[in-house]
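Chain by chain, the residues run as shown.
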Amino acid sequence: MSSVRYSQSGDSTTSRSRLIIGLLVMVLLLVLGLAWQANQTMRSHRATTTSVLQDYARVSADEFVRNAMAQIGFYGYYTLINLQRRQAFEDSDVLLKDRVFDADTTEARAKRLANHFFELDMRSEQIATSGDELISPEIEDYLLRRGSDLLLSPLPESGLVIDHTVLGDEPYTFVMSTDEASDRVFGFEVNRDELSRWLRQTFDDAPLLPESLADGAISNDFIYLRFDDSKGRALFQSRQDYDPYLLVSKLVGNEYEGIFESFQVTASIDPVIAEMLVIGGLPRSRLPVLFAVILLTVGLLIAAILQLRREHALMKLRTDFVSEVSHELRTPLAQIRIFAESLLFKRLRSAEDERRALEIIDRESRRLTNLVENVLEFSGQSNGERELHFTHTVLAPLIGDIIDEFQPLANSVAARVETELDPGAAAPVDKDALRQMLLNLLDNAVKYGPAEQCVQVSLSAPQGRIEIGVSDQGPGIPRSEREKIWRGYYRLDRERQSAIAGTGIGLSVVRETVNRHGGRIRVEDAVGGGARFVIEIPTGNRP
Ligand code: ADP
């Protein structure tokens, strides 16, 4: 009956554990869902901020190109071509060879932009150049070819034409104009180093982002900007470092006579000013925090599952214990009832049989008492201890009485109990507790040892303590188990297969009681095999 009841309660425990684990797994899923959601929000915030910062980078790039076109186009190329045109009109040197301008005038600055000035006489197909080096035949061919093209079509309104080309692997920019009346083409080749300086100057001269932004706190120092020619060779770079995620680049079109046609401008805003441009700035990745939260939740889940498993195992031990106790109660009770009835109804024939029946009733009722006392003591350990009364006792007579009391149980398996007791040994003990401890050890000795064995009980009094030893001729306790046998409900594996009944609480009660006497208990090999349990109790300081 009871085992059925307990197995039902076991089932309900299992389903409760399942429910709790199910709830915990749901919490984990919820945390994962929230983490995913948080990550998505962070990513979309980041994407928005990135796109705003890229827009600002585009604005800066456009502004830079516009400024550069105005500076270089108007104060550079246009000024130089106009000077050449004026010289041509005056019929003097368009190569500006000997023209010296006052330092720091627009003309002086513009002149530095030219590597060579050249003049093509298309009637005679002659070319004249300034500068000491002669221009290469490749360039000469190119200029003559372009010169004849230019004379065929009208000049644009600005009066100049700009060519970007590659000759012999080198990029060149030529700025040209024509004098139709005399079939002449003139112009200059752009000095790339000076062009780079002009670009740097343009960058340094004016802020690329409007000053109204963030109260003018955003200077060009926070802008990475690179300007490459159509062959990808860098003409200008504002700084070294940039955030690759914020980089934007665009090709320049043919505005302003194609002054920078097919050049590429690349820009990026320093993320440190993101906060000034976008509320909240560029959000930092929350992944580490989210991972930590997920790990913590998984950890808690594992801890909860382990705890549940432990409780489950304990519950099972208790269930086994209860059915073990019921079993142990049933056998002696049945014996007592049968022999009591036999006596009552005078079914036994001889006085000898009657005596045997009474012995059995006596033995079984002792066993029952011992079992019930153990259970009470064991449950007392967890529900508040029974009070002990210590009296200084000479132990040999007490132990002798206990062995007498045990004799019927020993007789039932024809075991002999031999003693070797120091008559003077005395210690402060609770007599009932000592009786229970010794009965447990004797009971185990008889239970686990062979029939007709000899159980030895010794009492000695070494310095400061007494020692009570109980040895048997049974299988002994393997070394690896000697720590564990004291735990409540613990039984050796071999007992599960054998028919020896037991509850696994006897030794736990013994150890707890020895501890309360301020003593210790140990188990060792008995001489000649078997187990020897030794109780040590101090003779002095009582706890
Ligand atoms: P129980 O005897 O009810 O099983 P105990 O707490 O008294 O519980 O003992 C725990 C376990 O220790 C026993 O199940 C048994 O395996 C082992 N044991 C105890 N005493 C002896 C002994 N004298 N010889 C061999 N094994 C023993």
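Rules and cut-offs
Residues numbered from 1 in each chain as written. Predicted model: local features only at pLDDT ≥ 70, side-chain atom pairs only at ≥ 80, totals over all residues. Heavy atoms only, no water. Buried < 20%, exposed > 50% of the residue type's maximum accessible area, 1.4 Å probe, protein only. Helix = DSSP H or I, 4+ residues; strand = E, 2+ residues; numbered from the N terminus. Axes fitted to C-alpha atoms, helices over the stretch in contact; angles between N-to-C directions. Left-handed = near helix turned anticlockwise from the far one by under 90°. Contact = heavy atoms within 4.5 Å. 1 Å grid on protein atoms, 1.4 Å probe; cavity = no way out; pocket = protein on both sides within 12 Å on 5 of 7 lines; lining within 4 Å. Points joined across faces, edges and corners; volume = space filled by probe spheres on them. Nonpolar A, V, L, I, M, F, W, Y, C, P; charged D, E, K, R; others polar. Near = heavy atom within 4 Å. Polar contact = N/O pair within 3.5 Å; in protein donor to acceptor, adjacent residues only side chain to side chain. Areas by Shrake-Rupley, 256 points an atom, 1.4 Å probe, with all protein chains shown as cover. Sits in = over half its atoms within 2 Å of the grid points. Pairing = 2+ DSSP bridges. Salt bridge = Lys/Arg side-chain N within 4 Å of Asp/Glu carboxyl O. Phe/Tyr/Trp six-rings, centres within 6.5 Å; stacked < 30°, edge-to-face > 60°. Lys NZ or Arg CZ within 6 Å of the ring centre and 35° of its normal.

(A) Geometry of helix α12 (residues 506-516). The element α12 is largely enclosed, with a buried count of eight among its eleven residues. Among all positions of α12, only G506, L507, S508, V509, V510, T513, V514 and R516 are buried. After α12 finishes, the residue G518 shows a positive phi value of roughly 75 degrees.

(B) Structural context of the packing of helix α10 (residues 431-448) against α12. At a minimum axis distance of 9 Å, the contact between α10 and α12 shows a crossing angle of 145 degrees. The element α10 and its partner α12 pack so that their crossing is left-handed. Contacts between α10 and α12 involve A433, Q436, M437, N440, L441 and N444 from the former and G506, L507, V509, V510, T513 and V514 from the latter.

(C) Just unusual backbone geometry, in detail. In this model, D104 sits at a positive phi of 65 degrees, which is unusual for a non-glycine residue. Within the secondary structure, D104 sits in the loop between α1 (2-89) and α2 (106-111). Among the residues examined, D104 registers a relative accessible area of 72% and is labelled exposed. Non-glycine residue Y256 carries a positive phi angle of around 55 degrees.

(D) View of the layout of surface pockets. Volume-wise, the largest pocket comes out at about 1000 Å³. Around the largest pocket, the lining is made up of 47 residues, and of these D443, N444, K447, Y448 and A501 lie nearest the centre. Here the lining of the largest pocket gets nine residues from one element, more than from any other, and that element is α10. Residue classes in the lining of the largest pocket are distributed as 21 nonpolar, 13 polar and 13 charged. Estimated volume of the second largest pocket: approximately 230 Å³. Looking at the second largest pocket, it is lined by 16 residues, and the ones nearest its centre are Q456, V457, S471, V527 and R532.

(E) Structural view of the site of the ligand. Not every one of the 19 residues close to the ligand is listed here, only the nearest: Y448, D472, R491, E495 and T503. In the model, an oxygen atom of the ligand is placed 3.3 Å from a nitrogen or oxygen of the L492 main chain. The backbone of G506 places a nitrogen or oxygen atom 3.2 Å from an oxygen atom of the ligand. Considered on its own, the ligand offers 530 Å² of accessible surface; in the complex 98% of this is hidden by protein. In this structure the site holding the ligand corresponds to the largest pocket.

(F) Structural view of the environment of L213. Within the element layout of this structure, L213 appears in the loop between α4 (192-205) and β6 (223-228). Among the residues examined, L213 registers a relative accessible area of 18% and is labelled buried. Through-space distance from the C-alpha of L213 to that of L277 is 7.5 Å; in sequence the pair is 64 residues apart. For L213, the contacting residues outside a window of four places in its chain are Y56, I218 and L277.

(G) Fine view of the environment of S51. Along the chain, the position of S51 falls in helix α1. Taking the C-alpha atoms as reference points, S51 and L246, separated by 195 residues in sequence, lie 8.0 Å from one another.

(H) Main features of the pairing of strand β4 (residues 170-179). Extensive coverage of β4 is indicated by the burial of eight of its ten residues. Bridge count between strand β3 (residues 161-167) and β4: seven bridges; the pairing is antiparallel. From the neighbouring strand, I162 faces β4, where its bridge partner is V175. Linkage of β3 to β4, two consecutive antiparallel strands, is achieved through a turn of two residues, within which G168 is found at a positive phi near 55 degrees. Judged from the six bridges that link them, β4 and strand β5 (residues 184-190) form a sheet pairing that is antiparallel. Across the sheet, T178 pairs through a bridge with V185, a residue of β5. From the end of β4 to the start of β5, which pair antiparallel, there are four residues, and D183 there has a positive phi angle of about 50 degrees.

(I) The pattern of salt bridges, seen in detail. For the structure shown, the criterion picks out 36 salt bridges. With its nearest N and O atoms 2.7 Å apart, the salt bridge here joins R226 to D228. D362 is the salt-bridge partner of R366, the closest N and O atoms lying 3.1 Å from each other. Pair noted here: R366 and D362 are both in helix α8 (residues 351-382), with a separation of four residues, about one helical turn. Classification of R366 by relative accessible area gives partly exposed; the value is 28%. Salt bridges here are not isolated pairs; linked through shared partners, they connect R465, E467, R520, R522, E524, R532 and E536.

(J) Structural detail: the packing of aromatic side chains. In the structure shown here, the tally under the stated rule is 19 aromatic pairs. Here the aromatic rings of F74 and Y78 are separated by 5.7 Å at their centres, their planes lie at 20 degrees, and the arrangement is stacked. You can see F74 and its partner Y78 sitting in helix α1, four residues apart, about one turn around the helix. An aromatic cluster is built from F64, F203, F227, F236, F260 and F263, whose rings are joined through pairwise contacts. Taking the ring centre of W198 as reference, the NZ or CZ of R109 above it sits at 4.3 Å. One cation-aromatic arrangement involves R487 over Y490; the distance from NZ or CZ to the ring centre is 5.9 Å.

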